[in-house]
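Tertiary structure, described
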Amino acid sequence: MRADRRAWALCLSLAAMLPALAVPASAERTDDFVIQCRPNCDAVAAAVRQIDGARINYIFQNVPGMAATIPVSAAAALQGRPDIVEVTKDLAVNPPLPQPDLPLVADGVQALSTADVPGITASLPSNYNYNNGLTGAASFHAQGTLGNNVVVAIIDSGTANWSGVPALAGSVIGGESLIPPASDSVISATSRLNNPHGTWVGTMIAGHANFLFLSNSVLPRALTSYAPSSVIPCTPALGCASNVSIVPMIGTAPAAKLYALKILPSNGGSSPSSRTLAAMDRVLTIRRNFDNGMPSAILNPGCGAENNPCVYDSLPIQVVNMSLGGGTLYAGNDLREQLTSRMLEAGLVVVVAAGNDGPGGLTIGSPGSGLGALNVAAASTPVHERVLRDLQFGNGIGALYRPFNGIQTATFSSRGPSADGRVSINLTANGLGCFVQSANGGISLASGTSFSSPTVAGAAALLRQRFPNATAAEIRAALIQSANPALLADGSGPLDRGNGFLDIPAAANLLASGARLDTRLDKGIGSPNLEANLRGVHVQPVQFSNNVATEHLQNLLPGQVAQLYVEAADNLEQIKISFSNVTPALAAGQQNPLFGDDIVVTAIDSYTSFDVPLLQQFVSGNASFTVTRPQAGFVRFAVQGDSTNAGPISADVTITRVYADLGPLTSTGRLAQDQENVFQFDVPAGTAKLAGLLTWRFNWGGYPTNDLDLVLTAPNGATFLASTLGSPERLEVANPVAGRWTARVQGFLIQPTLSGPDTDQWKVWLTADGQSLKPAK
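No experiment lies behind these values; they were computed from the predicted model shown. (Residues numbered from 1 in each chain as written. Predicted model: local features only at pLDDT ≥ 70, side-chain atom pairs only at ≥ 80, totals over all residues. Heavy atoms only, no water.)

**Focus on helix H11 (residues 382–393)**
In plain terms, the rule: Counting from the N terminus, the helices are the DSSP runs of H or I reaching at least four residues and the strands are the DSSP runs of E reaching at least two. Multiplying 1.5 Å by the residue count of a helix minus one yields the expected span of that helix. Each residue's exposure class comes from its accessible area (1.4 Å probe, protein chains only) as a fraction of the maximum for that residue type: buried when under 20%, exposed when over 50%, partly exposed otherwise.
Here H11 contains 12 residues, and its C-alpha end-to-end distance of 16 Å stays within 8% of the 16 Å for a straight helix at 1.5 Å per residue. A large share of H11 lies buried, amounting to 10 of its 12 residues. Residues of H11 that are buried: Pro382, Val383, His384, Glu385, Arg386, Val387, Leu388, Arg389, Asp390 and Leu391. Downstream of H11 by one or two residues, Gly394 has phi in the positive range, about 120°.

The structure is reproduced here in structure tokens:
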């Protein structure tokens, strides 16, 4: 069982984003880019069409931007155009790093019409479905408010529309795929062959079915133990035998209508950020067309089958769910994030999953970090976790595994702030052990912020039905301002859980009261110094004396996280963290009976919108751990009272920094985005390892973050490239050719700043077998 917990935590790794050793670079290599234009992209698009090997992928209609595949050598020339704001790498976007889902096997299913739901709700306790009782959605259902005909767009992997997914019968009104057919054999956005993620999300919003289980099987027994009103005993009047139990799968807004925009491939892979942009842009166009009087006519008559979804150019879309995200170097300002504000202004409540990169802080990706996004963290309730653990390990284990009775922020849930100095998390809903149906008809318990987000999207749909004259900004504000912080009992603060746990009746009361809601969008300090932005949201970095710091962590509650922000300079070689006096508040016999009570320490690198783990360990006594060569900026040590603890725990923490002597500097300079600085150097014969280190001022400790690349070319023309999101960039060449080499420092992305010219200062250290090299004269 301990191994299970460790495996879940390790699923949070982002190995694809780790810095890599240099590889030979091709002179004709193409790459995918997102281009932000001023005032529009007409002339830029014409210029791109003239570049050999270039291809335009999208031209966005609602923001001045486009996506294109361009030879890398041509990208620098484009960056210098006065009608281009910036050219950025088209980074990968994924659903939040998945937590393992737990497949279930039902013994039958009863399709429900949405007209059945109010009667079922009214005849059963208000907690008839645990999640809907917790959020208050059940009381809306009993009154007939089901999100009737509110259109929710789901930007995801597609949402299935076929008879094998009875939980969504009649819910999916159409959809479209933005993935080129050559890239995915599954063309339809409503196919059963798509990755299950988007259908799981759809059932969280609009599910409506009863699943039947033998009463003595694990799921109904677990629910009977921990949430008995979530199980309906069968009777002949209910159409099932007395040895069978009903477990309803009821979404937050079971009568909502879903429009699927497929951007994630059927094989479960990632998607370029430009495709997310294109989908957001498409949703906004569809809504604006409706507002401008375009009829909601089907573009492909005869549609509606699983592999022929109906497509619309005009729909009254009111809510958008995006259970996905990716990294950003300019939180709040990239095109995806700009679109969240434009969508909100156009009447769309934009609900986004915060991400599964916790428990470290500063891990909110884009578009969740957009000012207009309603960014949702995940909670772990005792009931959901106990049911999940019973299914994994046997009835009765759940109560032993999770003795703490309070709701926690889920360990995996990403935390704020964003790099520009905003809390960034808005509110929280359960994201652990959610009952969902898959695209192929299977059922599961699934976990992640991917499922807390559609719970809130469903809540927005309920409110849109009940308050049709409220603006999207008012719906968003009501959900945030009514969230209940007291419901989380693990000491979570705003950076963990936002304003608190979703409370739909409280949001409705705010809207019904006529009180003036604060619909202003939060704006951070936006200082070019990340530390100043952190202090603006009450994050105090660890204070060192002679590179040693001590912290006493007193009575961390089960699931509570203490964030220790450690500043890391370019030449930081090691950080050592040591624990002593680890003291559970409860005696041994009162602690978790399976594991005892302990601490979990997670260290993540200095990237400011995703998690690259450097360390994850359980601590129950004196222990020391070391991380080596972190990125420049702020390394975060998340020290958590284990979520499985029965009581509080305390510890003393000592952190020691060790710096390296980089030796004499080889070269330095300043460049702008359309520039490349070049110098030469000599490599002695017999050198076993040539090493390069490139640093710059606006690293992960600055805002925004710049992206510089180091390119080394050997005398024989072989080229080696350090091109990652790392800062500093490190490059190593084994057995380099002797002679005169050329070094190029390229300003791949020099962000515009609020404080001065768009340039950055760089430094390069080059060594041959540890000996410093000088520029050639």
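Anyway, onward from the coordinates.
**Describing the state of the cysteines**
The condition that has to hold: Defined by distance alone, a disulfide is two cysteine sulfur atoms within 2.5 Å.
Applying the stated criterion across every chain, the model contains three disulfides. Here Cys37 engages in a disulfide with Cys41; their sulfurs sit 1.9 Å apart. The chirality of the disulfide connecting Cys37 with Cys41 is right-handed, given an S-S dihedral of about 95°. Like Cys41, Cys37 is buried. Bridging Cys303 to Cys310, the disulfide has an S-S length of 2.0 Å. As the torsion about the S-S bond is roughly 100°, the Cys303-Cys310 disulfide counts as right-handed. Here the two residues Cys303 and Cys310 agree in accessibility, since each one is buried. Once the disulfide-bonded cysteines of the protein are ranked by sequence position, their pairing pattern turns out to be 1-2, 3-4, 5-6.

**As for the pattern of salt bridges**
For clarity, the cut-off: Basic side-chain nitrogens of Lys or Arg form a salt bridge, by our definition, when they fall within 4 Å of a carboxyl oxygen of Asp or Glu.
Throughout the structure, instances matching the rule amount to 18 salt bridges. Across the pair Arg389 and Glu385 runs a salt bridge whose closest N-O atoms are separated by 3.2 Å. With Arg389 and Glu385 both in helix H11 and four residues apart, the pair spans about one turn of that helix. The closest approach of N and O atoms between Arg740 and Asp682, which form a salt bridge, is 2.9 Å. Linking Arg740 in strand S37 (residues 739–749) with Asp682 in strand S32 (residues 676–683), this pair joins segments that are 58 residues apart in sequence. For Arg740, a relative accessible area of 40% puts it in the partly exposed group. The structure contains a network of salt bridges with shared partners spanning Glu176, Arg282 and Asp313.

**Remarks on the confidence of the model for the protein**
To keep things clear, this is the line we draw: Per-residue confidence from the predictor is given as pLDDT, running between 0 and 100. Any two residues having at least one pair of non-hydrogen atoms within 4.5 Å are treated as being in contact.
Mean pLDDT over the protein: 91, with 94% of residues reaching 70 or higher. Counting contacts from residues 1–27, a segment whose pLDDT is below 50, to residues more than four positions away or on other chains yields 71 contacts.

**Quick look at the sheet that holds strand S8 (residues 108–111)**
Working definition: the strands of a sheet are paired by backbone hydrogen bonds and lie parallel or antiparallel to each other. Where we set the bar: Whether two strands pair depends on DSSP finding at least two bridges between them.
The strand order across the open sheet formed by four strands is S8-S11-S13-S12, and the pairing between neighbours is antiparallel. Pairing within the sheet leaves two strands with one partner each, and these edge strands are S8 and strand S12 (232–233). Examined bridge by bridge, S8 and strand S11 (residues 208–214) share four bridges and lie antiparallel to one another. Looking across to S11, one finds that Gly108 is bridged to Leu212.

**Structural notes on the side chain of Ser527**
To keep things clear, this is the line we draw: N or O atoms closer than or at 3.5 Å make up a polar contact, with two conditions inside protein: a donor-capable atom paired with an acceptor-capable one, and, for residues adjacent in sequence, both atoms drawn from side chains.
Within the element layout of this structure, Ser527 appears in the loop between helix H16 (504–513) and helix H17 (530–536). Of note is the side chain of Ser527, whose polar atom sits 3.0 Å from the backbone nitrogen of Asn529. Apart from the residues within four sequence positions on either side, Ser527 is in contact with Ala532, Asn533 and Tyr703.

**As for the nonpolar core**
As a reminder, the rule being used: In plain words, nonpolar cores are sets of buried Ala, Val, Leu, Ile, Met, Phe, Trp, Tyr and Cys residues tied together by side-chain atoms within 4.5 Å.
The biggest cluster of nonpolar side chains holds 52 residues, and the ones touching the most others in it are Ile205, Val456, Leu463 and Leu479. When residues in this core are grouped by element, the largest group, eight residues, is from helix H13 (residues 449–466). Beyond its immediate sequence surroundings of up to four residues, Ile205 is in contact with Val152, Ile154, Gly251, Thr252, Ala253, Pro254, Ala256, Leu258, Asn321, Pro454, Ala457 and Gly458. In this structure, Tyr259, Leu261, Tyr312 and Leu315 belong to the second largest nonpolar core, which totals 38 residues.

**Side note on the packing of helix H7 (residues 197–206) against H13**
Definition in use: Between N-to-C directions, angles cover 0 to 180 degrees, with each direction set by a line fitted to C-alpha atoms, over the stretch in contact for helices. Reported orientations rely on four angle classes, namely roughly parallel under 35 degrees, roughly antiparallel over 145, roughly perpendicular from 65 to 115, and oblique for the rest. The crossing is said to be left-handed when, going from far helix to near helix, the turn is anticlockwise and less than a right angle, and right-handed when the turn is clockwise. Polarity classes work like this: nonpolar for Ala, Val, Leu, Ile, Met, Phe, Trp, Tyr, Cys and Pro, charged for Asp, Glu, Lys and Arg, and polar for all others, with Gly in that last group.
Put simply, H7 and H13 touch, their axes get as near as 8 Å, and they point 40° apart. One way to sum up the angle between H7 and H13 is to call them oblique. With respect to the hand of their crossing, H7 and H13 are arranged in right-handed fashion. Counted together, His197, Trp200, Val201, Met204 and Ile205 of H7 and Ser450, Phe451, Pro454, Thr455, Ala457 and Gly458 of H13 form the full contact between these two elements. When the residues that make up the contact of H7 with H13 are grouped by side-chain class, the tally is seven nonpolar, four polar and no charged.

**So, unusual backbone geometry**
Excluding glycine, residues mostly carry a negative phi; peptide bonds, for their part, are mostly trans. Residues Gly358 and Pro359 are joined by a peptide bond in cis, for which omega reads 10°. Assignment of secondary structure puts Pro359 in the loop between strand S17 (349–353) and strand S18 (373–380). In this structure, Pro417 follows Gly416 across a cis peptide bond, with omega equal to 5°. Positionally, Pro417 belongs in the loop between strand S19 (408–409) and strand S20 (427–430). Look at His538: it is not a glycine, yet its phi comes out positive at around 65°. With respect to the helices, strands and loops of the structure, His538 is situated in the loop between H17 and strand S23 (548–556). Backbone geometry at Asn555 places phi at a positive 55°, although glycine is not the residue there.

**A closer look at helix H14 (residues 472–482)**
Of all 11 residues that make up H14, eight are buried, and the element is covered over most of its length. All of the buried residues in H14 are Ala472, Ile475, Arg476, Ala477, Ala478, Leu479, Ile480 and Ser482.

**Here we look at the environment of Gln640**
Mapped onto the fold, Gln640 is located in strand S29 (residues 633–641). What makes Gln640 buried here is its relative accessible area of 3%. In this structure the C-alpha to C-alpha distance between Gln640 and Asp490, which are 150 residues apart in sequence, comes to 10 Å. Leave out the neighbours within four places in its chain, and Gln640 touches Thr411, Leu556, Gly559, Gln560, Val561, Asp598, Ile599 and Val600. A polar contact of 3.0 Å, which involves the side chain of Gln640, links it to the side chain of Thr411. Within the structure, Gln640 has its side chain in polar contact with the backbone oxygen of Gly559 (distance 3.3 Å).

**With respect to the sheet that holds strand S2 (residues 30–37)**
Strand order in the open sheet made by the four strands is S3-S4-S2-S5, with antiparallel pairing throughout. For this open sheet the edge positions go to strand S3 (55–59) and strand S5 (84–89), each flanked by a neighbour on one side alone. With direction set aside, neighbouring strand axes in the sheet form an average angle of 25°. Here S3 runs beside strand S4 (residues 65–71); their pairing, made up of four bridges, is antiparallel. In the sheet register, Ile59 faces S4, and the bridge partner there is Met66. This element, helix H2 (residues 42–49), spans S2, S3, S4 and S5 of the sheet and lies at about 160° to S3.

**Here we look at the packing of aromatic side chains**
Inclusion rule: To pair, rings of Phe, Tyr and Trp, with the six-membered ring standing in for Trp, must have centres within 6.5 Å; the planes then decide the type, stacked if under 30 degrees apart, edge-to-face if over 60, and tilted in the middle. As a reminder, the over-ring test applies to NZ of lysine and CZ of arginine, requiring each to be within 6 Å of the ring centre and within 35 degrees of the ring normal.
Here the structure, examined in full by the defined rule, presents 15 aromatic pairs. For the pair Phe211 and Phe435, a centre-to-centre distance of 5.8 Å together with 70° between the ring planes defines the contact as edge-to-face. On the criterion of sequence distance, the pair formed by Phe211 in strand S11 and Phe435 in strand S21 (residues 434–437) is long-range, its members being 224 residues apart. On the basis of relative accessible area, Phe211 is assigned to the buried category, the value being 3%. Look at Phe435 and you get buried, because its relative accessible area is 15%. Plain terms: the ring middles of Phe393 and Tyr401 are 6.0 Å apart, the flat faces sit at 15° to each other, and that makes the pair stacked. On the accessibility criterion, Phe393 (29% relative accessible area) is partly exposed. Under the relative-accessibility criterion, Tyr401 is labelled buried at 0%. Directly above the ring of Phe140 sits Arg466, whose terminal nitrogen or CZ lies 4.1 Å from the centroid.

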